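Here is how the chains run, residue by residue.
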Protein chains: 2
Amino acid sequence: MLRGMSRWEPDAASRLMKAATELFDEQGYDATTVAEIAERAGLTKRTFFRHYADKREVLFNGSGQLERCWLEGIEAAPADAEPLAAVAAGFDPVAEMFAERHAFARVRSRIVQANPELQERELIKLHKLAGVVKGALLRRGVPEHAATLAAHVGLAVFSVAFGHWVEQNDPARLRALFDESLAQMRSVTSA
Amino acid sequence: MLRGMSRWEPDAASRLMKAATELFDEQGYDATTVAEIAERAGLTKRTFFRHYADKREVLFNGSGQLERCWLEGIEAAPADAEPLAAVAAGFDPVAEMFAERHAFARVRSRIVQANPELQERELIKLHKLAGVVKGALLRRGVPEHAATLAAHVGLAVFSVAFGHWVEQNDPARLRALFDESLAQMRSVTSA
DNA sequence: CTGGTGCATGACACCAAGTGACATCACCTC
DNA sequence: GAGGTGATGTCACTTGGTGTCATGCACCAG
């Protein structure tokens, strides 16, 4: 079933994402139609919407994997770790996951920053991510308010570091940037 | 020019907002078309889009006024106030502004919570609001990172209190809820 | 009073996002 | 080889959103 499907080229979703990213980068998000994306991927508009709920979603497929990575790291943290330390434990697998995607992350970030609709989607994905992180803290026994706060602070740390990472040209530095951003956050909150 | 325009009923924008809110409340956001809204307001679809950039924006007109209120309060704070205290100084005029809009805020909140598109718009408006608050702190001489953090923390305090306010039935309690939420935030961050 | 200008709206055509319904055709199973 | 499954194509349709031109009242100049 996964092998030997000769009727269609494999990995339709990946081809659509690749085609979409290229076109958004070449001519902008607004100027690119779904029909164009599908055509470049050798598919039809209708098939695009079978793989992605809407035109924006093609750029936000990785968010599920980011969630899983982060959760995995939090759950691997020692049971007696402070809430923010547990959140930060998720930075290890997350940095590893992004290590080989620096080039793509740069292009993607440029596309998103250039379009308000995409920024809206980015914000709601991050909001959902904060909710998931909060849930992991609640399961560790962290009280409600502390979990909410730690999750949002952790997300701010992540966002700042990630933003710096895509602006620089050192793919391997993400882990270090997480630590720097976290240290800044600690120094500011302790003041 | 503002008076005596007898050709059209006045306050087209207000009528459109009222019609939209009613229809969204009666039959849901998705099930309501822009043509319906315009018809109930005695206007046409084209005129709706002359007053609001898109269908969602009709529910987010007040955000500019919220910004101005909050800024006004921050700028009225004593020059030596701590960053978070300056942010909290904005809660006074904000609570006053919302005092007579509790009923509308409840309906509006229910509509937004029921629709992901509207939540996206809400999040980006809050994000923009955080940027404005941060700017006010920078003008007070607060350093970059502290301003970013204080703005986001202040926004979290606002969101939590506002969320409780629309769930309860005591329009006058908003100011007290701001204080309670702020106190909780302080106790959590100092732990 | 007359004619011109400005401005909000109406009317109409159009594009693109997104959806529902049905057809197609390779592959798998029995 | 008969039938089921699943991903895709085809087509018609609704709706958000925009460009363009026409309309008609208010206001102003003379």
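Just so it is clear, the structure is predicted and the values come from calculations on it, not from any experiment.

Because an α-helix completes one turn every 3.6 residues, residues spaced three or four positions apart along the sequence face the same direction. Residue and element names in this part refer to chain A. Here helix 6 (residues 91-98) lies mainly inside the structure; 6 of its 8 residues are buried. Every buried residue of helix 6 is listed here: F91, P93, V94, A95, M97 and F98. Elements in contact with the buried residues of helix 6: helix 4 (63-75), helix 5 (83-89), helix 7 (102-113), helix 9 (144-167) and helix 10 (174-190).

So, about the pattern of salt bridges. Applying the stated criterion across every chain yields a total of 34 salt bridges over all chains. R110(B) is paired through a salt bridge with D25(B); the nearest N and O atoms lie 3.2 Å apart. Note that R110(B) is positioned in helix 7 (residues 102-113) and D25(B) in helix 1 (residues 12-27), a separation of 85 residues in sequence. Of the charged contacts in the structure, one is a salt bridge between R121(B) and E57(B), with a shortest N-O distance of 2.5 Å. One end of the pair, R121(B), is in helix 8 (residues 116-139); the other, E57(B), is in the loop between helix 3 (45-51) and helix 4 (63-75), with 64 residues separating them in the sequence. Note on accessibility: R121(B) and E57(B) belong to one class, buried. Several salt bridges share partner residues, and in doing so they unite D54(A), R56(A), E57(A), E117(A), R121(A), K125(A) and E120(B) into one network.

This part takes up the relation of the copies chain A and chain B. Both copies of the chain are related by a screw-like operation: a rotation about an axis and a shift along it. The transformation that overlays chain A on chain B combines an axial shift of 0.0 Å with a rotation of 180°, and the residual RMSD is 0.1 Å. Here the transformation between the copies is reduced to the relation of a two-fold axis. Proximity to the rotation axis, assessed at the C-alpha, singles out E120(A) in chain A; its C-alpha lies 2.7 Å from the axis. Take the interface residues of chain A: 100% of them recur as interface residues in chain B, which is what a same-surface contact looks like.

All names here are of chain A. You can read the domains of chain A as domain 1 (12-57) and domain 2 (60-190). At the interface, 9 residues of domain 1 touch 12 residues of domain 2. Taken over both partners, the interface formed by domain 1 and domain 2 buries close to 1,100 Å², and the fraction arising from carbon and sulfur atoms is 49%. On the domain 1 side of the interface with domain 2, the three residues burying the most area are Y29, R56 and E57, jointly 53% of the side's total. Put simply, domain 1 and domain 2 have 5 salt bridges between them. R56 is the partner of E117 in a salt bridge, and the nearest nitrogen-oxygen pair spans 3.6 Å. Taken together, the links from domain 1 to domain 2 amount to 6 residue pairs in polar contact (both at pLDDT 80 or more).

What counts and how
Per-chain numbering applies: the sequence of each chain, read as written, is numbered from 1 onward. A letter from A marks each chain and a number from 1 marks each ligand, given out in the order of writing. With pLDDT at 70 or above as the cut-off, local features in this predicted model cover only qualifying residues; side-chain atom pairs require 80 or more to be listed or tallied, and sums for whole chains, interfaces and linings still use all residues. For side-chain calculations, the full set of non-hydrogen atoms in the structure is used, while hydrogens and water are omitted. For every residue, the accessible area (1.4 Å probe, protein chains only) is compared with the maximum for its type, and the residue is labelled buried under 20%, exposed over 50%, or partly exposed between those bounds. A run of H or I in DSSP counts as a helix once it spans at least four residues, and a run of E counts as a strand once it spans at least two, with each numbered from the N terminus. Here, residues are in contact when the closest pair of their heavy atoms is within 4.5 Å. We define a salt bridge as a side-chain nitrogen of Lys or Arg found within 4 Å of a carboxyl oxygen belonging to Asp or Glu. Superposing copies: least-squares fit, C-alpha atoms only, residues required to have pLDDT of at least 70 in both. Domain borders in the structure are assigned automatically or taken from a domain database. By definition, the buried area sums, over both parts, the 1.4 Å-probe accessible area that each loses when the two are put together. N or O atoms closer than or at 3.5 Å make up a polar contact, with two conditions inside protein: a donor-capable atom paired with an acceptor-capable one, and, for residues adjacent in sequence, both atoms drawn from side chains.

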